[in-house]
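Coordinates in review
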Amino acid sequence: MKPVLQLLTERSCACALVVLVVLWSPPTLAEPVGALAEREMRTLATDFPGRMAGTDQERAAADHLAGRLSDFGYQPELVPFPARYSFHPMGAGHARERAGTSHNVIAERPGRSDRVIIVGAHYDTAVARSLAQAEAGIGGPELQGVDDNASGVGVILELAARLAEEKPEHTIRFIAFGAEETGLLGARHAVSLMSAQERERVLLMINIDSILTGDRLYVHAGPATYAADAGNGRARDRVLALADELGMAVATNPGLNPEYPAGTGCCSDQMAFDEAGIPVISMEATNWRLGDLDGYQQTEISEAFPAGETWHNAQLDRIEYLEAHLPGERLSERPAEVVTLLLAFLREIAGLADEP
Ligand SMILES: [Zn+2]
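Residues numbered from 1 in each chain as written. Predicted model: local features only at pLDDT ≥ 70, side-chain atom pairs only at ≥ 80, totals over all residues.

Considering the overall build of the protein chain
Test applied: A run of DSSP states H or I qualifies as a helix once it reaches four residues; a run of E qualifies as a strand once it reaches two. Both are numbered from the N-terminal end. Here a residue counts as buried when 20 or more other C-beta atoms fall within 10 Å of its C-beta, as exposed when 12 or fewer do, and as partly exposed in between; the C-beta atoms come from the backbone.
Each helix and strand in the protein chain was counted, giving twelve helices and eight strands. Looking at the 356 residues of the protein chain, the share that counts as buried comes to 49%.

A word on the environment of Leu65
Under the convention used in this document: Two residues form a contact once the distance between their C-beta atoms, set from the backbone, is within 7 Å.
In this fold, Leu65 is placed in helix α3 (residues 56–71). In this structure, the C-alpha to C-alpha distance between Leu65 and Val105, residues 40 residues apart in sequence, is 7.4 Å. If sequence neighbours within four positions are ignored, Leu65 has contacts with Val105, Tyr123, Val153 and Ala176.

Some details on the pairing of strand β6 (residues 216–221)
How we decide: Strands are labelled as partners when DSSP assigns at least two bridges between them.
In terms of residue burial, β6 counts as a mostly covered element, since five of its six residues are buried. The pairing of β6 with strand β8 (residues 280–286) spans six bridges and is antiparallel. Counted as the bridge partner of Arg216 is Thr286 from β8. As judged from the two bridges shared by β6 and strand β7 (residues 250–251), these two strands associate in the parallel manner. In the sheet register, Tyr218 faces β7, and the bridge partner there is Ala251.

Some remarks on the sheet that holds strand β2 (residues 96–109)
Read across the open sheet, the eight strands follow the order β1-β2-β4-β3-β5-β8-β6-β7; overall the sheet is mixed. For this open sheet the edge positions go to β1 (77–87) and β7, each flanked by a neighbour on one side alone. One ladder, built from eleven bridges, connects β1 with β2; its direction is antiparallel. Bridge pairing links Arg84 to Ala99 in β2.

What to know about the pairing of β2
One ladder, built from five bridges, connects β2 with strand β4 (residues 171–177); its direction is antiparallel. The residue of β4 that forms the bridge with Val105 is Ala176.

Topic: the nonpolar core
What counts, and what does not: Any set of buried Ala, Val, Leu, Ile, Met, Phe, Trp, Tyr and Cys residues joined through C-beta atoms within 7 Å is what this text calls a nonpolar core.
Val153, Ile156 and Ala160 are the most contacted members of the largest nonpolar core, which has 89 residues in total. Not counting residues up to four positions away in its chain, the partners in contact with Ile156 are Val119, Ala121, Phe174, Ala176 and Ile208.

With respect to the packing of helix α2 (residues 35–47) against helix α5 (residues 146–162)
Convention followed: Only C-alpha atoms enter the line fits that serve as axes; for helices the fit covers just the stretch in contact. Angles between N-to-C directions range over 0 to 180 degrees. To sort the angles, those under 35 degrees are grouped as roughly parallel, those over 145 as roughly antiparallel, those from 65 to 115 as roughly perpendicular, and the leftovers as oblique. Note: crossing handedness is left-handed where the near helix turns anticlockwise from the far helix by less than a right angle, and right-handed where it turns clockwise. In this count, Pro and Cys sit with the nonpolar residues alongside Ala, Val, Leu, Ile, Met, Phe, Trp and Tyr, while Asp, Glu, Lys and Arg are called charged and the others, Gly among them, polar.
Across the interface, α2 lies against α5 with an axial gap of 7 Å and an inter-helix angle of 135°. By the criterion of interaxial angle, the relationship of α2 to α5 is oblique. Crossing geometry of α2 relative to α5 is assigned as right-handed. On α5, the residues touching Leu36, Ala37, Glu38, Glu40, Met41, Leu44 and Ala45 of α2 are Val146, Ala150, Ser151, Val153, Gly154, Val155, Leu157, Glu158 and Ala161. By residue class, the composition of the contact of α2 with α5 is eleven nonpolar, two polar and three charged.

Quick notes on the environment of Thr264
Inspection of the secondary structure puts Thr264 in the loop between β7 and α10 (270–275). For Thr264 and Thr225, which are 39 residues apart along the polypeptide, the C-alpha to C-alpha distance reads 9.7 Å. Thr264 has contacts with His220, Ala221, Gly222, Pro223, Tyr226 and Asn253, leaving out every residue within four places of it along the chain.

A short note on α5
The test is simple: Every helix has an expected span of 1.5 Å times one less than the residues it contains.
With 17 residues, α5 should reach 24 Å at 1.5 Å per residue; the first-to-last C-alpha distance of 22 Å fits that figure. Most of α5 is tucked away: 17 of the 17 residues are buried.

What about unusual backbone geometry?
The phi torsion of most residues other than glycine is negative, and most of the peptide bonds are trans. Residue Asn149 follows Asp148 across a cis peptide bond; omega there is 5°. Along the chain, Asn149 turns up in helix α5. Even without being a glycine, Cys267 presents a positive backbone phi close to 80°. With respect to the helices and strands, Cys267 occurs in the loop between β7 and α10.

Spelled out as structure tokens, the structure:
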């Protein structure tokens, strides 16, 4: 006969197990698509402003993201790398080096094949590059970075949560990149750790950056890999076709500026993979028909958006501000659209079972 104490312990263990099972039941499937992405976006933006490369706040955000991925059943890894950038106190010249350690947060659903699909979004926020920028609220400790890029991180967290119990044919690797704003440092570090063989095993890298402020959603191929082989536009075209089937308005760069060829994008973490010969697609929201036709101007110039953009601006790229000034329910709608689209696309390319 077991002593009473042991019985009690066993019973409380059983209770704990029941509680665990309840917590472990798929965390998102019951709620509408996009709800988890929006919630995570809001949490990252409001609880971790000023996630600047190499700072304690960036590290705290990395730990937070790893915690969420663990909650979903992953075993995330924090991969450190040196993050250096120059700060120009007086504008041009007089550069001072700033250095710290940044981290990529990596988690994966292992597949049956040796092929890999990488889904990434940077979680850091912009740094001020000069005293003038700091005083103008460009970059710095107050910047929530909701659009750029808590919005993309929210999407990859919901994708991770929804795929946590899937057995894909090809491995799906989620990476929340650090130090994008100081020169794609996290993405470059991730690429630098891959052997030539490992690079060849990557079927596609999917990057998500800034999906809120811009007038419309875009998907692009990578300029280098597309120029080398137009077949690398197939993934982009499939996403465009899926968007059409789902009734979503998604475009690609119309190519009005010769420096940015039609159908290709620019300037976020996917570039590090593209330059290394790995096929990429990038998702963003902006307006390639405005300003210098280079994808930087996100929306028409207005009283609320005097430069037609919110990039790195602590007053503008902020939850309350975007909620007040973007049309409709943008903060809910965009995450829902991008999660829906990428889930459908991943089901196809990663070889996932059809939805039950
Ligand atoms: Zn960004």
